[in-house]
Amino acid sequence: MPTSPLTLHPDRALPADPAVREIARRIYTQIADLPLISMHGHVEAQAFAENTPFADPAQLLIVPDHYVTRMLASQGISYDALGIPRTDGAPVEADSRAIWRTFCENWKLYRGTPSRYWIEHELVEVFDVHEVPSAESADRIYDQIDAVVSSPDFRPQQLLDRFGIEIISTTDPATSDLAHHARIAEQGLGERVVPTFRPDAVYQIGGPSWAQEVVALGEVSGIDTGDYTGFLEALRERRRAFVAAGARASDHGHLRADTTPMDAADASALYARVLAGHAPSAEEAFAFEAHMLFTTAEMSCEDGLVMQLHPGVLRDHHSGVLQSYGKDKGYDIPVPVDYARGVQPMLDRFGRDPRFRCILFTIDETVYSRELAPIAGTYPSVRLGAPWWFLDSPDGMRRFRELATETAGFYNTSGFVDDTRAFASIPARHDLSRRIDAGYLANLVAEHRLQEDEATEVAIDLSSTLPRAAYPPIAH
Amino acid sequence: MPTSPLTLHPDRALPADPAVREIARRIYTQIADLPLISMHGHVEAQAFAENTPFADPAQLLIVPDHYVTRMLASQGISYDALGIPRTDGAPVEADSRAIWRTFCENWKLYRGTPSRYWIEHELVEVFDVHEVPSAESADRIYDQIDAVVSSPDFRPQQLLDRFGIEIISTTDPATSDLAHHARIAEQGLGERVVPTFRPDAVYQIGGPSWAQEVVALGEVSGIDTGDYTGFLEALRERRRAFVAAGARASDHGHLRADTTPMDAADASALYARVLAGHAPSAEEAFAFEAHMLFTTAEMSCEDGLVMQLHPGVLRDHHSGVLQSYGKDKGYDIPVPVDYARGVQPMLDRFGRDPRFRCILFTIDETVYSRELAPIAGTYPSVRLGAPWWFLDSPDGMRRFRELATETAGFYNTSGFVDDTRAFASIPARHDLSRRIDAGYLANLVAEHRLQEDEATEVAIDLSSTLPRAAYPPIAH
Amino acid sequence: MPTSPLTLHPDRALPADPAVREIARRIYTQIADLPLISMHGHVEAQAFAENTPFADPAQLLIVPDHYVTRMLASQGISYDALGIPRTDGAPVEADSRAIWRTFCENWKLYRGTPSRYWIEHELVEVFDVHEVPSAESADRIYDQIDAVVSSPDFRPQQLLDRFGIEIISTTDPATSDLAHHARIAEQGLGERVVPTFRPDAVYQIGGPSWAQEVVALGEVSGIDTGDYTGFLEALRERRRAFVAAGARASDHGHLRADTTPMDAADASALYARVLAGHAPSAEEAFAFEAHMLFTTAEMSCEDGLVMQLHPGVLRDHHSGVLQSYGKDKGYDIPVPVDYARGVQPMLDRFGRDPRFRCILFTIDETVYSRELAPIAGTYPSVRLGAPWWFLDSPDGMRRFRELATETAGFYNTSGFVDDTRAFASIPARHDLSRRIDAGYLANLVAEHRLQEDEATEVAIDLSSTLPRAAYPPIAH
């Protein structure tokens, strides 16, 4: 006997007021089927290169999605019971059906969250599931998803077409040899699946894996990273290799927003000292990161990679979880960041350079109206990044438009960025964003602050034109 | 001749949109009469123990409520004219009728504030007053309230039943002998009126009354607090006594959120030094408070008292008011707090311990989406406290739901906490909260983000189930 | 062939919900034609004194308005192309028609911004333009505005009547000889166009022009500013002169909110040292500014000038723009400010002095509910300033009401302040503010949180009564 039917209302996430909704519907209709530009994400390159089949429902939708698991864990369900691998290899729940059941039994925890919204969309649209998750329905839903997932049509490359993804970017460490992207290119997808250059690990001087990352950088670039000059040259080489592989952007997630450059001699001496085994002080490590961000902007002017910044997250808030289960397990907590002062040295030097482009993201909503909209609203190089992480939710995205638009306008924003590792959720995320934008614009129309034809044009721009413009292709 | 009639509209504080309001009404109807769980408040234990009659209208509704008096004072009315006692005992306005008149004449100052909303509710529902306060109506309203207040049915114990209060907590210093609670228990109300353990005064090392508080702690516990070990032992003893008297929680309001532990030897030495009469530095005092919060979490694991934190208030912003009229006179101003970093040491150690429970409150709205929702949405021990102090207002509570729900969900929040010393306002506060939650949930339903049956279940949970679960009874 | 017609909808910026809008319309009708109180602005005194004709459309509406030019510049249009004068006198675009065309071609950039809203209002109401700006319509619109601007009725003094401006304040440096205001007074407008005392340049000790400003202060006051005592005396003299010229307020825009006084001897010694050519440290300069704010409050008690504070803007974020084009070119970025702690010394001393009045502004929205509403809601001397700069926008003003009202009430706010140098936009700004307030109040009525007659009274108070009360005339 089925539980409640699961349906997607055509007006979901549109404004409740009937007249505003009517306008929103008309706008949404114009953008619903536009191609998806997915220029910042965390799907693995390997999945595209090998066109790997997806695993079972639990391994696809639960275990790797720390938004899903953190909610269950917050109510006392252990990571072991959710099948999250232990760093020491000790056994955890291996029965995917049991994991799936735990999830379905706790479906009510997701009420009011974007995970609920996305998963509903995926269940109906992607997996053809039409009943609400519950203890009772868990096994039937599992079987249905499993059948879809096992189909030969349900492979990463096929989903690119099915989802209408025009272009998607992976995120790759500076030390990547880009072998997966080479294989992707061989299969004719080189312009559609592109890498993003993420050098955090080699910028975090003195970090646990820094020395070995620097060695790896030397190996992959063929340039000796034994001194600071070689380090910079190796970075430049990798950036060229990324550009050649289709990359359009670099990505930088440090705790602070500081971009103060060091004196080159000081940077070089610090590099040598730490490479020789002397641990830097915390302030030295921060200063080096800041210096490298400044230096990255300089390289960005040279090679055209768009620089994406997203500071302000205190990683691994619980050391026990880090130790037992590793990174990215839901214990990354945002903190305030001195954003306007932080990026000042970089923008003072490169912010009006016509070769420079950067996108500023935040997980601290207070900087939207106070700092980022004013900055994006004046510096020609800067685009204000879409709300993401905890904030690409219905109310979060609405607040973003309300807090940023009046100062930055629409045309200094990046358009939507999905930022997910959950491949099957990409269409749901873009669709939700388009609905929220349609609703925000419809309200401007209803309040006679914008004409409807303009609103429709803006909606199209936010969905496609602006994300394309924010990450322009680089001649190579 | 009466002034304007005062009525309570059945749809007050529900959303304006007719379709959303219709849903909100249905949800509200299901929760309007649920019992009140009032687990954090400031009504005096003595009032329950002695079932003290309330004083006249001014002494009941104006003089002790610093939300009411601050608004009058902000427009230049003196504290003396409001009958607020001077610390030096100099005479102040003693004519309650005159104080009441001042209040009624200035009724318009409360427009748009929650005080206005609550007092209207009280006037109509509790005191059967049906005209708007004004210079003209002041005396008639005074007489009407006075008649109600003098009735033998209008006593604290009787009001527990009339208001539908299932359980209420007082707030009691660590040095309390709990005699009032003993008397409450003798009258069969021991499970219904419970204490909360508030040790701020003995944690604030070197504070003006610290030494004498520590002595008092020694006396009431029968344990020598002459050294740090005895101090901790005395705290443990009091916590046991509080648990035996029905307590379920401790409460902690320090300026900072820091919970960094000190080395035990350092804490012990500092304790000895200050007890010997050497004033600690400001930083030493902060460090000791942080250490005691960490230590409290440890004790909480041992005895089960839920730890409530509410940092970030700069007390006594105006020294003249403190000197002339004492504490809690409307000059406590919120300031930013480094919350995520502050609680990190405590949560790193105890945050995933199944014995530990804490509730994090704030008066700084910026931490809802940035820090507290992410923390409550992952740590199993943490619940995000209800908006309170300046924030348990219609718009304040709406913002809380909008800022917190998408990341923390509903089930990692504490449910409503009224936090008031104004006993007669308790039903109004719970009612307002239920209306706002009904409206927020109705909007989710209207936007097809939640089913109505789920919304109703959540509304019930927020009103009763979650506050009960956030403060579970402790076996004793 | 005309492009789209440009009209102003009578319901613009009112709430979309039909029932709420109906109430908002009724409230708005009662306030739409009230006189404008414009007590904080940046129109030049000379324009009134000489009743100078305005220049052409580009020089009137684009070149001097950094909200307009920053948006164009943010999309890569050069300041030169916008006719913004270079500090080195090098040639820039001199063809006003070309500048106007650039603006019209980029009209879409302003979608969703208040500039768009204000300019539409100006075009229709002030310039009788009825088509949407575009490349195609640019020249026709230029001609139409030019015709209006050239009319002898379109002069500052005539516009005072046409716009219904009851009183307007200019902003004048402490070193102003007030000659323009003398001429204004001779023409019988002395009570209608008044100066505001802005001493920032002489408070910023060690700043690039400080020494020469201090000399100028000595000259204009006739008091030797060669030492600190003379400096204070000269300030007092200028304040008296400003009061005599009709001034009601002083204005202070420093980076920090700190108001900690220095020891008089230390202040005096620092003053002497810097005047002798020794540069102060950054911290010394900040300390002197803080000290001068404290001292200003003291003077304010003596002479009655209302003290306006608006800290928290990092000026000249891009040094190249400062160097090439000067100050106020769109590169002033807000930053967080420690507001409650900053103003504590000043308010502790003067905050309850019946002679003192101050108005606290912010460009950081987070302090509305956390710090400024609690402070304005208790200190009798403090009014919470209107949202301005980036925040006097439809959504910005709505957020202000929602964040501030519940704690500060309406009667501890300043009422609307337009804060503009764009004279022709003043009616549009007041009109927008009145619409937003009408909408906010209508919502309170629709939610049965306020009676409609009260809401109308509040709307009138916010438009006229409160701004008049916030800046009372000073007997002279």
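As a reminder, the structure under discussion sits directly above these lines.
What you are looking at is a predicted structure, and each value in this text was computed from that prediction instead of being measured.

Thresholds, definitions, all that
Residues numbered from 1 in each chain as written. Chains lettered and ligands numbered in written order. Predicted model: local features only at pLDDT ≥ 70, side-chain atom pairs only at ≥ 80, totals over all residues. Heavy atoms only, no water. Helix = DSSP H or I, 4+ residues; strand = E, 2+ residues; numbered from the N terminus. Rg over C-alpha atoms; globule rule 2.2 N^0.38 Å. Buried < 20%, exposed > 50% of the residue type's maximum accessible area, 1.4 Å probe, protein only. Pairing = 2+ DSSP bridges. Contact = heavy atoms within 4.5 Å. Axes fitted to C-alpha atoms, helices over the stretch in contact; angles between N-to-C directions. Bend = angle between axes of the 7 residues up to and from the residue. Phe/Tyr/Trp six-rings, centres within 6.5 Å; stacked < 30°, edge-to-face > 60°. Lys NZ or Arg CZ within 6 Å of the ring centre and 35° of its normal. Buried area = accessible area lost by both parts, 1.4 Å probe. Salt bridge = Lys/Arg side-chain N within 4 Å of Asp/Glu carboxyl O. Polar contact = N/O pair within 3.5 Å; in protein donor to acceptor, adjacent residues only side chain to side chain. Nonpolar A, V, L, I, M, F, W, Y, C, P; charged D, E, K, R; others polar. Disulfide = S-S within 2.5 Å. Least-squares fit on C-alpha atoms with pLDDT ≥ 70 in both. Left-handed = near helix turned anticlockwise from the far one by under 90°.

### Quick notes on the overall build of chain A
Working step 1: If you tally the helices and strands in chain A, you get 21 helices and 11 strands.
Working step 2: Against the globule reference of 23 Å for 476 residues, chain A gives a C-alpha radius of gyration of 23 Å, in line with a compact fold.
Working step 3: Along the three orthogonal principal directions, the C-alpha set of chain A runs to about 70 × 60 × 45 Å.
Working step 4: The 476 residues of chain A split such that 65% are buried.

### Quick look at the sheet that holds strand β1 (residues 36-38) of chain C
Residue and element names in this part refer to chain C.
Working step 1: An order of β1-β2-β4 is seen for the 3 strands of this open sheet, with the pairing classed as parallel. With partners counted over all chains shown, the strands left at the sheet margins are β1 and β4 (193-194), one partner each.
Working step 2: Alignment of β1 against strand β2 (residues 165-169), held across 3 bridges, turns out to be parallel. Residue pairing in the sheet places S38 in a bridge with I168 of β2.
Working step 3: Where helix α20 (residues 426-446) meets the sheet, its contacts fall on β1 and β2, and the angle it forms with β1 comes to roughly 110°.

### Things to note about helix α21 (residues 452-470) of chain A
Working step 1: At D461(A), α21(A) shows its largest bend, some 55°.
Working step 2: Along α21(A), the positions that sit buried rather than exposed are E454(A), A455(A), T456(A), V458(A), A459(A), D461(A), L462(A), S463(A), S464(A), L466(A), P467(A) and A470(A).

### Focus on the packing of aromatic side chains
Working step 1: Taken as a whole and judged by the stated rule, the model has 72 aromatic pairs over all chains.
Working step 2: Connected via pairs of aromatic rings, a cluster forms that spans F48(A), F54(A), F127(A), F154(A), F163(A) and F423(A).
Working step 3: Cation over ring: R435(A) sits above Y28(A), and NZ or CZ is 4.3 Å from the ring centre.
Working step 4: Lying over the aromatic face of W118(B), R429(B) brings its terminal NZ or CZ to 3.7 Å of the ring centre.

### Examining the interface of chain A and chain B
Working step 1: Each partner contributes residues to the interface: chain A has 50 residues there, and chain B has 43 residues.
Working step 2: For the pair chain A and chain B, the summed buried area comes to about 3,900 Å², and 49% of that belongs to carbon and sulfur atoms.
Working step 3: Linking chain A to chain B there are 7 salt bridges.
Working step 4: Counting the contacts that link chain A with chain B gives 26 residue pairs in polar contact (both at pLDDT 80 or more).
Working step 5: Ranked by residue count, the leading element in the side of chain A that touches chain B is helix α19 (residues 394-408) of chain A, at 5 residues.
Working step 6: In terms of residue class, the side of chain A that touches chain B is made up of 23 nonpolar, 14 polar and 13 charged.

### What about the state of the cysteines?
Note on terminology: disulfide describes a covalent bond linking the sulfur atoms of two cysteines.
Working step 1: Across all of its chains, the model carries 0 disulfides over all chains by this definition.
Working step 2: Free cysteine: C301(A), not disulfide-bonded; nearest cysteine sulfur from C358(A) at 9.9 Å.

### Remarks on the relation of the copies chain C and chain B
Working step 1: The transformation that overlays chain C on chain B combines an axial shift of 0.0 Å with a rotation of 120°, and the residual RMSD is 0.0 Å. Taken together, the turn and the small shift mark the pair as related by a three-fold rotation axis.
Working step 2: A share of only 5% of interface residues in chain C that are also interface residues in chain B marks the association as one of differing surfaces.

### With respect to the side chain of E371(B)
Working step 1: Structurally, E371(B) is set in helix α18 (residues 366-376).
Working step 2: Exposure remark for E371(B): the relative accessible area of 0% places this residue in the buried category.
Working step 3: A polar side-chain atom of E371(B) sits 2.7 Å from a polar atom in the side chain of R370(B).
Working step 4: Not counting the four nearest positions on each side in its chain, E371(B) is found in contact with I333(A), P334(A), P336(A), D338(B), Y339(B) and A340(B).

### Describing the sheet that holds strand β4 (residues 193-194) of chain A
Residues and elements named next belong to chain A.
Working step 1: Strand order across the open sheet formed by 3 strands is β1-β2-β4, with parallel pairing between neighbours. Strands with a single pairing partner mark the edges of an open sheet, and in this sheet they are β1 (36-38) and β4.
Working step 2: Along the sheet, helix α20 (residues 426-446) makes contact with β1 and β2 (165-169), crossing β1 at roughly 110°.

### Concerning the packing of α18(B) against helix α19 (residues 394-408) of chain B
All names here are of chain B.
Working step 1: One way to put it is that α18 packs onto α19 with a least axis distance of 8 Å and a crossing angle of 35°. The way α18 lies across α19 gives a crossing that is right-handed. Residues Y368, S369, A373 and P374 of α18 touch α19, and the partners they reach there are F400, L403, A404, T407 and A408.
Working step 2: In terms of residue class, the contact of α18 with α19 is made up of 7 nonpolar, 2 polar and no charged.

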